[in-house]
Amino acid sequence: KSLEQSRVYNTLQPIRIYETPKGAGSGDFDNAIDKGASILRKYDDTKWVDNALEIIGKSYFFRNEYFNAIQKFEELYINAEDIVLKQSSIFWKGRVLLELQAYNEGIQFLNEELSINEGEWRSSLEWQIKVVLAEHYIANDNWVNALDLLNESVGKIPDRANNERGYFLIGQLNEQIGNTKGAFDAYDMVEKYYNNYDLQFAAKKKKAEVARDLGNIDEAIKVFQGMIRDDKNTEFVSELNYELGKSEQIKGNWVQAQSI
């Protein structure tokens, strides 16, 4: 319920890969907390204690109860015998610190853990943690460090939606630092992870715009024409026609631009 809530993206600002929970499913998370707490009270010597701590921590996180969440993830870090659960607690604590806007603390904590656990990471947790670290850097306007981490990690993290947002974010950051070619390549990759129509639309439009900035007017025209032909974009035809006409004008096709 939480992950499937619709989002409106402000693409004038760097978007988030790991998004802030919007509060859906609160009652279900409350139920999960109660059941997890019951395990901890009644069966404190069971092998499922660590799993219960993780479930409780995640439930608090998705209920936006961040101080309770961080307490559980710190307990999990200290007590977990399963290395994957221990490393997972680092990822989730990093996310909580992001929501608490504790960016400097998050940067220090995640860098230390990445160093301590170098060569020991399980599953895709290393890449997920590097993405969270990148988001902390972005919050501090440190585009270069963030880009290094995202270029290394996006495409390796779980979930199409995360990778879709990841490549869009890479495109945005490359624009911020003036790397137009890097922005074009990143926006071009967004389509590979199709999940959200609005983000796909924004990525194609951005791709065409940066192609125009690169002097590749034919590519820009091709993208805008394809978007105009797409029935899903009917309400944006006027906006797209304007961009197409502007591209034809830049190319010197005055008559064609005027007719559009």
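Conventions used here
Residues numbered from 1 in each chain as written. Predicted model: local features only at pLDDT ≥ 70, side-chain atom pairs only at ≥ 80, totals over all residues. Heavy atoms only, no water. Helix = DSSP H or I, 4+ residues; strand = E, 2+ residues; numbered from the N terminus. Buried < 20%, exposed > 50% of the residue type's maximum accessible area, 1.4 Å probe, protein only. 1 Å grid on protein atoms, 1.4 Å probe; cavity = no way out; pocket = protein on both sides within 12 Å on 5 of 7 lines; lining within 4 Å. Points joined across faces, edges and corners; volume = space filled by probe spheres on them. Lys, Arg positive; Asp, Glu negative; His and termini not counted. Salt bridge = Lys/Arg side-chain N within 4 Å of Asp/Glu carboxyl O. Contact = heavy atoms within 4.5 Å. Core = buried A, V, L, I, M, F, W, Y, C linked by side-chain atoms within 4.5 Å.

Engineer: Help me understand unusual backbone geometry in this model?
Structural biologist: In terms of backbone geometry, most residues other than glycine have negative phi values and most peptide bonds are trans. The backbone phi angle of S123 is positive, close to 55 degrees, even though this residue is not glycine. Residue placement: S123 occurs in the loop between α5 (103–116) and α6 (125–139). Located in the positive-phi region is D159, a residue other than glycine, with phi close to 85 degrees. If you trace the backbone, D159 turns up in the loop between α7 (143–153) and α8 (160–176). For D159, a relative accessible area of 47% corresponds to the partly exposed category.

Engineer: How should the layout of surface pockets be read in this particular structure?
Structural biologist: Here the idea is plain: a probe the size of a water molecule rolls over the atoms and shows the empty space left. Of the volumes computed, that of the largest pocket is approximately 470 Å³. Forming the walls of the largest pocket are 22 residues, and the residues nearest its centre are L3, E19, D159, N162 and R165. Along the walls of the second largest pocket sit V8, Y9, T11, D198, L199, F201, A202, K205, K206, E209, F236 and E239, which together make up its complete lining. With seven residues, helix α10 (residues 197–213) is the largest single contributor of residues to the lining of the second largest pocket.

Engineer: Sorry if this is basic, but what is going on with the side chain of E113 here?
Structural biologist: Secondary-structure assignment places E113 in helix α5. Here E113 occupies a buried position and makes no salt bridge, while the nearest side chain of opposite charge, K93, is found at 7.1 Å. Excluding anything up to four places from it in sequence, E113 contacts Y77, I90 and W121.

Engineer: Any chance you could explain the nonpolar core here in plain terms?
Structural biologist: Looking at soluble globular proteins, one finds that nonpolar side chains tend to be buried together. L150, F168 and L173 are the most contacted members of the largest nonpolar core, which has 66 residues in total. Top element by residues in this core is α6. It accounts for eight residues. In terms of nonpolar packing, the next biggest core, distinct from the first, is built from five residues, V49, L76, A80 and L85 among them.

Engineer: I'm lost on the pattern of salt bridges in this one. Help?
Structural biologist: Should their charged atoms come close, side chains of opposite charge can pair. Scanning all chains against the criterion turns up 20 salt bridges. Put simply, E19 and R165 hold a salt bridge, and the shortest N to O gap is 3.6 Å. Here E19, found in the segment before α1 (26–42), pairs with R165, found in helix α8; they are 146 residues apart in sequence, far enough to count as distant. Judged by relative accessible area, E19 falls into the buried class, the value being 16%. Assessed through its relative accessible area of 8%, R165 is described here as buried. One salt-bridge network, held together by shared partners, links R7, E19 and R165.

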